Amino acid sequence: MSIPGQINASAQPGSPLCEVQHVSQEFPQPHGQPLRVLESIDLQIRANEVVALLGPSGCGKSTLLRILAGLLVPTRGEVLYHGKRLEGLNPGVAIVFQSFALYPWMTVMENVEAVLNAAGLSRGEAGAQAAQAIRTVGLAGFEEAYPRELSGGMKQRVGMARAFSLNPEMLFMDEPFSQVDALTAESLRAEVIDIWTSKDKKTSSILIVSHDIKEVVYMADRIVVMGAHPGVVKKIVENTLPRPRDYRSPALLQLVDQLHDIITGIEMPDIPAAVPEAVAIEPLPHVGPGEILGLLEYLDARGGQEEVFRIASDTQREFGTLISVVNAAEMLDLVETPKRLVRLAPEGIRMVRAQIADRKVLWRQRILTLGLFQQVVRAIERSPDGEVTKEFVLENIVLAMPLENYEAIFETFVKWGRFADLFDYDEEREVFRAFSGSEGEIRQRQSGTG
Amino acid sequence: MNRLVPAIWGKATAALRRSPQFSWVDAVVLLALMAVVYGIGRTAQQWTGALRPSVEIDLSARALPKYTLLSLSRGLAAYVLSLLFSLGYGYWAAKDRVAERVLIPILDILQSIPVLGFLPGVVLALVAAFPRSNIGLELASILLIFTGQAWNMTFSFYHSLRSIPLDQQEVATVYRFTPWERFRWVELPFSTIGLVWNSMMSMAGGWFFLMISEAFVLGDKDFRLPGLGSYMSVAVARGDTGAMIRAILAMATMIVVLDQLLWRPVVVWAEKFRVEEGSAGEAQSSWFYSWLKRSQLIESLQERLKHFSGANQPRERSEVSLRQRASRPRRGKLVSTFLLVAMLLGGIFGGYHLLLLLRLVSGAQWRGTLLSALLTLGRVLLATALGTVWTVPVGLTIGLSTRLSRILQPVIQLLASFPAPMLFPAATAILASAGVSLGWGSVVLMLLGTQWYVLFNVIAGATAVPADLREAAISYHFGRSERFWKLYLPAIFPYLVTGWVTAAGGAWNASIVSEYVTFKGEALATWGLGAQISEAAAAANFPLLSASVVVMSAVVVVFNRLVWKRLNVLAETKFSLSK
């Protein structure tokens, strides 16, 4: 741990403080193949800079932060600290957590003192330094308060005090302001930058993980844009805006725009869809028909098209989820996605304007363009007792898409098929049957699932 | 491999299903049904058999299934009784506000009282009532097991009834459900999950009391019943280690079989009653349940039941006049008031007779009783403390490691249900041969019986330590000792308190059979309240017996309010992890 008052001087000027080389990370899954979260990442953290990891959920940015901090050992690749291989925890790092991670049975003062004690300071020194850190983050007077008495913003201040009290070489922040209200977050960001740029600063660099573009442009010098599934570094953007930065300055807004374009270029590529003869089986995004129809209704109410970020903020949807819905709609040819826009396709317009019964017919047409549905329907028709088991469908999914989570795809498959009245699925006996809409059959179906 | 087995299995059973004949699953189901009928017959035979002065146990392996069956029948009979009681008592307490104010405190006290204090009295009374047949003894055993099982199920049902979401209740009102329909379609389904989990806990607790009552000897009176408990005690008396191991294995097997064939399938089935969105963490699965679903016999039975209950016919709604509907709740209130008054009268009557008995106890005897109570209290606390000392480190080690807790989970579940009193006869023999006086030996016995409750709670608490707090501790270089004192111990404190309460309660119960043991035909006793109760019962000294039981109950209840409740409040305020 950094001795307070002394920045680690063993790093050569110009060389990175810590870096990862060709790092990959996999997590074993209960069903199927291990989940590849990070793929061959190269990243350096240099002295005197603020680096941001930006990307949607699931792109592994928190995982990468933990690898750099030494909390996780990567499945493949090297982690270096001051040019030497890192073993165990990274000694120059202090972390601020997304969920604050304060101990509820200790007061604010005790929470900060605890880490100083752990770093080897005597009680007197620990007390003095803790008091100083608490003052720096503006919580003077709250030393004897318990975390449950504090608001979210104040709790994160304690988290920051705790980290800063150690005068770490690098400050790592894992989505630090995502659980804090927007206004408090703004002032906290400014305070972090203030502390970092102050004359007697001891912290050399900051690594911040975030999914908020504005936050990242405000704080960072280097923005690492990551893509998901698996997590890779897509692009690194240099941010040369002078500090102090203004959220409303045109230069900042322009950079925000640029980043928007970069992200949508990554997540919703403009590749013209080759007309599929529907033999290939693609993985189904884990969304329900209701969400896709909701998207179509939304677009229809706004003249047939809207920008994807606007949709996310209007519908209060998490960006990653929205992308899945858009991709699903695109897979069914219901929308088109030129650049940042999501636009209703002719099929989508027809679906929106139709009545509920016709919608089901149209939906059925749409999903029958997908290979998996075609296969299963054909199998039901060909089966002697008119039944197809769940195992059969799962086998097909696994054979075609061995790297995917087959349970999730199966769930989606059942949802979409039921909405289209394409088949009957008896959950207790785990079989698919041809759809039957007559009176007697409906009653039998009800009693079977009752 | 993972995919291969279900693929092949699925095709195999699908092939079997295509034939209109029954599959071999049905053959097994039929066999099971026949076994159950046979079992009921044999049990009835035992119950109506003549009362023997001392139990005759055959220690051969062949006789073991019979004893297992008898123990199982007692446990299940008591469970059915507990279930009916919970449904009735819980429903009454939830529906009638006035009665609730009396019923719930009574339940609270009943839960704290060490029921084994009543064992000698109840056994003597029931044997006197049925002097010639076994029924008295069996009833006493079942009654005692019932008192170990019923309370938590009743509380669970009561709380479920009181926390049904308002909108579900409103649907029942708006669509004019009759009280029975409301119970069947709203209240019972909502309470099912709670009842299922509490039933599992109750059965596990029931084995504790079953083993004690089956091995119950009072001085020269042998009140043992044929079953696994008495098998074990006879095996110890004859020094037959082979038989002892057989008995333990039989008990363990019964627990595992019951879990796999009864509880797991019921838990899986009960998942469909889950109200909140999102699954309960790990999805429960039961191979037996999935297997049963393939049975043609059961499927056709279900169809027939549905047809019989008229589920598919439109319900005939009689146009019930408003006045009739108003009279129904009034009738209900009448019944409830009547029951309440009857209960209170019964209580007063019983209380009066009790007071008459107590007046026969001399002042010196009272003082002696209080002293013994303090002594036993000391032993209870000592046993709990000793248990805590070793279970906290071990529990933390297991609970904090996902790998260890996954591997050891079935073992822990088995240990949780295994009744430690089954080992009491063996432990007593070891202690006696080692020359340990019963004053300390009883502490060892109490420890043996109750330290597990602390262990399981510590494990549960350790698995619930939030990941981000652990990460913070690691990333800030907290050393081992710091992590223990600043993170783990405070984090598990609420669970530790629960463990202490349960362990202390169990220790009080165990004191009856720890401070007074029969070894090689001789009664050994030490100074203590448990011993006093057993000795009073052996000497048929009813005034002293009542006084001792009253004092024990009073001490437990007072200690509860003064100490445990306070610790609970501390745990909920200072150490609670919920944000």
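Relevant structure appears above.
Summarised in this report is the structure supplied together with it. Just so it is clear, the model here is predicted, and its values are computed rather than measured.

Notes on the overall build of chain A
- Along its length, chain A carries 16 helices and 16 strands.
- For chain A, with 450 residues in total, the buried portion stands at 51%.
- Long-range contacts, defined as pairs at least 24 residues apart, comprise 69% of the intrachain contacts of chain A with a sequence gap of at least 6.
- For chain A, the exposed surface amounts to about 20400 Å²; the carbon and sulfur share of it is 51%.

A word on the overall build of chain B
- Secondary structure assignment for chain B yields 21 helices and four strands.
- Looking at the 579 residues of chain B, the share that counts as buried comes to 45%.
- Considering only intrachain contacts with a sequence separation of at least 6, the fraction spanning at least 24 residues in chain B is 78%.
- As presented, chain B carries roughly 30300 Å² of accessible surface, and 68% of it is formed by carbon and sulfur atoms.

Description of the nonpolar core
- If you look at the biggest cluster of nonpolar residues, it comprises 266 residues, and the most contacted ones within it are Phe172(A), Ile292(A), Trp363(A), Phe413(A), Trp416(A) and Phe432(A).
- Of all the elements, helix H19 (residues 480–514) of chain B adds the most residues to this core, at 15 residues.
- If you look at the next biggest cluster of nonpolar residues, it comprises 23 residues, including Leu107(B), Trp151(B), Ala172(B) and Leu340(B).

Considering the sheet that holds strand S15 (residues 423–426) of chain A
Residue and element names in this part refer to chain A.
- The sheet built from three strands is open, its strands ordered S14-S16-S15 with antiparallel pairing. If you trace the sheet from one side to the other, it starts and ends with strand S14 (387–389) and S15, each paired once. Put simply, the sheet's adjacent strands are angled 25° from each other on average, direction ignored.
- Running over the sheet, helix H13 (residues 371–382) touches S14, S15 and strand S16 (431–434) and is turned about 75° from S16.

Re the pairing of strand S9 (residues 222–227) of chain A
Residue and element names in this part refer to chain A.
- Most of S9 sits out of view: six of its six residues are buried.
- Neither face of S9 is left uncovered, since the one carrying Arg222, Val224 and Met226 and the one carrying Ile223, Val225 and Gly227 both have all their residues buried.
- As judged from the four bridges shared by strand S3 (residues 50–54) and S9, these two strands associate in the parallel manner. Note on S9: the bridge partner recorded for Val51 is Arg222.
- Of the pairings in the sheet, the one linking S9 to strand S10 (residues 232–238) comprises six bridges and is antiparallel in character. In the strand pairing of S10, Val225 is matched with Lys235.
- If you look at the hairpin formed by S9 and S10, you'll find four residues sitting between the two strands, and His229 has a positive phi there, around 55°.

Concerning the packing of helix H4 (residues 97–112) of chain B against helix H6 (residues 135–162) of chain B
Residue and element names in this part refer to chain B.
- In the contact formed by H4 and H6, the axes pass within 10 Å of each other and the chain directions differ by 145°. Crossing hand, H4 versus H6: left-handed. Across the interface between the two elements, Arg97, Glu100, Ile104, Leu107, Asp108, Leu110 and Gln111 of H4 pack against Trp151, Asn152, Thr154, Phe155, Tyr158 and Arg162 of H6.
- When its residues are assigned to classes, the contact of H4 with H6 shows six nonpolar, three polar and four charged.

Concerning the pattern of salt bridges
Residue and element names in this part refer to chain A.
- Tallied over the full model, the rule gives 38 salt bridges over all chains.
- Two residues, Asp333 and Arg366, come together in a salt bridge whose shortest N-O distance is 3.5 Å. Of this pair, Asp333 sits in the loop between helix H10 (319–331) and strand S12 (335–336) while Arg366 sits in helix H12 (residues 356–367), and the two are 33 residues apart along the sequence.
- Judged by relative accessible area, which is 35%, Asp333 ranks as partly exposed.
- Accessibility expressed as a relative area gives 10% for Arg366, which makes it buried.
- Across the salt bridge formed by Arg366 and Glu347, the nearest N and O atoms sit 3.7 Å from each other. With Arg366 in helix H12 and Glu347 in helix H11 (residues 346–353), this pair connects stretches of sequence that are 19 residues apart.

Let's talk about the sheet that holds strand S1 (residues 18–27) of chain A
Residues and elements named next belong to chain A.
- Spatially, S2-S1-S4-S5 is the arrangement adopted by the four strands of the open sheet, whose pairing is antiparallel. In this open sheet, the two edge strands, each paired with only one partner strand, are strand S2 (35–45) and strand S5 (84–85).
- Sitting on the sheet, helix H1 (residues 61–69) touches S1, S2 and strand S4 (76–81), and the angle it makes with S1 is about 125°.

Examining a nonpolar patch on the surface
- Residues Leu382(B), Leu386(B), Val436(B) and Trp440(B) make up a contiguous nonpolar surface patch of roughly 380 Å² in combined accessible area.
- Judged by its relative accessible area of 41%, Leu386(B) falls in the partly exposed class.

What about the interface of chain A and chain B?
- Across the contact, 34 residues belong to chain A and 33 residues belong to chain B.
- Of the roughly 3100 Å² buried at the junction of chain A and chain B (both faces included), carbon and sulfur atoms supply 57%.
- Joining chain A to chain B, the criterion identifies one salt bridge.
- The shortest N-O distance in the salt bridge between Arg66(A) and Glu471(B) comes to 2.4 Å.
- Where chain A touches chain B, the interface holds seven residue pairs in polar contact (both at pLDDT 80 or more).
- Listed by contribution, the elements that provide at least two residues to the side of chain A that touches chain B are strand S6 (93–96), helix H2 (108–118), helix H4 (152–164), helix H14 (390–400) and helix H16 (439–448) of chain A.
- When residues of the side of chain A that touches chain B are assigned to their parent elements, the largest contribution, four residues, is made by H2(A).
- Split into classes, the residues belonging to the side of chain A that touches chain B amount to 19 nonpolar, five polar and 10 charged.

Observations regarding the packing of aromatic side chains
- A full pass over the atoms with the stated rule returns 31 aromatic pairs over all chains.
- The interplanar angle of 75° and the centroid separation of 5.7 Å between the aromatic rings of Trp363(A) and Trp416(A) together place this pair among those described as edge-to-face. Taken together, the residues Trp363(A) in helix H12 and Trp416(A) in helix H15 (residues 406–419) connect sequence positions 53 residues apart. Summarising the burial analysis for this pair, Trp363(A) and Trp416(A) share the class buried.
- Lying over the aromatic face of Tyr146(A), Arg148(A) brings its terminal NZ or CZ to 5.2 Å of the ring centre.
- Here the basic side chain of Arg184(B) rests over the ring of Trp185(B), its NZ or CZ set 4.5 Å away from the ring centre.

Things to note about H1(A)
Residues and elements named next belong to chain A.
- With eight of nine residues buried, H1 is to be regarded as a mostly interior element.
- Along H1, the residues that are buried comprise Lys61, Thr63, Leu64, Leu65, Arg66, Ile67, Leu68 and Ala69.
- Positive backbone phi, approximately 85°, marks Gly70, located one or two places after H1.

Structural notes on the pairing of strand S3 (residues 516–519) of chain B
- One ladder, built from four bridges, connects S3(B) with strand S4 (residues 522–525) of chain B; its direction is antiparallel. Bridged to Val517(B) within S4(B) is Leu524(B).

As for the packing of helix H14 (residues 363–400) of chain B against helix H21 (residues 542–573) of chain B
All names here are of chain B.
- Interaxial distance between H14 and H21 falls to 10 Å at its minimum, and their mutual angle equals 45°. One way to sum up the angle between H14 and H21 is to call them oblique. The two elements H14 and H21 meet at a crossing, and its hand is right-handed. Residues Gln365, Trp366, Thr369, Leu370, Ala373, Leu377 and Leu381 of H14 form the contact with H21, whose own contacting residues are Leu544, Ala547, Ser548, Val551, Val555 and Phe559.
- Of the residues in the contact of H14 with H21, the class split is 10 nonpolar, three polar and no charged.

Some thoughts on H21(B)
- Taking 1.5 Å of rise per residue, the 32 residues of H21(B) would be expected to cover 46 Å, and the 45 Å separating its terminal C-alpha atoms lies within 8% of that figure.
- Along H21(B), the sharpest change in direction is near 40° and occurs at Asn560(B).

Rules behind the numbers
Residues numbered from 1 in each chain as written. Chains lettered and ligands numbered in written order. Predicted model: local features only at pLDDT ≥ 70, side-chain atom pairs only at ≥ 80, totals over all residues. Heavy atoms only, no water. Helix = DSSP H or I, 4+ residues; strand = E, 2+ residues; numbered from the N terminus. Buried < 20%, exposed > 50% of the residue type's maximum accessible area, 1.4 Å probe, protein only. Contact = heavy atoms within 4.5 Å. Areas by Shrake-Rupley, 256 points an atom, 1.4 Å probe, with all protein chains shown as cover. Core = buried A, V, L, I, M, F, W, Y, C linked by side-chain atoms within 4.5 Å. Pairing = 2+ DSSP bridges. Axes fitted to C-alpha atoms, helices over the stretch in contact; angles between N-to-C directions. Left-handed = near helix turned anticlockwise from the far one by under 90°. Nonpolar A, V, L, I, M, F, W, Y, C, P; charged D, E, K, R; others polar. Salt bridge = Lys/Arg side-chain N within 4 Å of Asp/Glu carboxyl O. Patch = residues over 30% accessible without salt bridge, like charges linked within 9 Å, V, L, I, M, F, W, Y side chains within 5 Å. Buried area = accessible area lost by both parts, 1.4 Å probe. Polar contact = N/O pair within 3.5 Å; in protein donor to acceptor, adjacent residues only side chain to side chain. Phe/Tyr/Trp six-rings, centres within 6.5 Å; stacked < 30°, edge-to-face > 60°. Lys NZ or Arg CZ within 6 Å of the ring centre and 35° of its normal. Parallel < 35°, antiparallel > 145°, perpendicular 65-115°, else oblique. Expected span 1.5 Å × (residues − 1). Bend = angle between axes of the 7 residues up to and from the residue.

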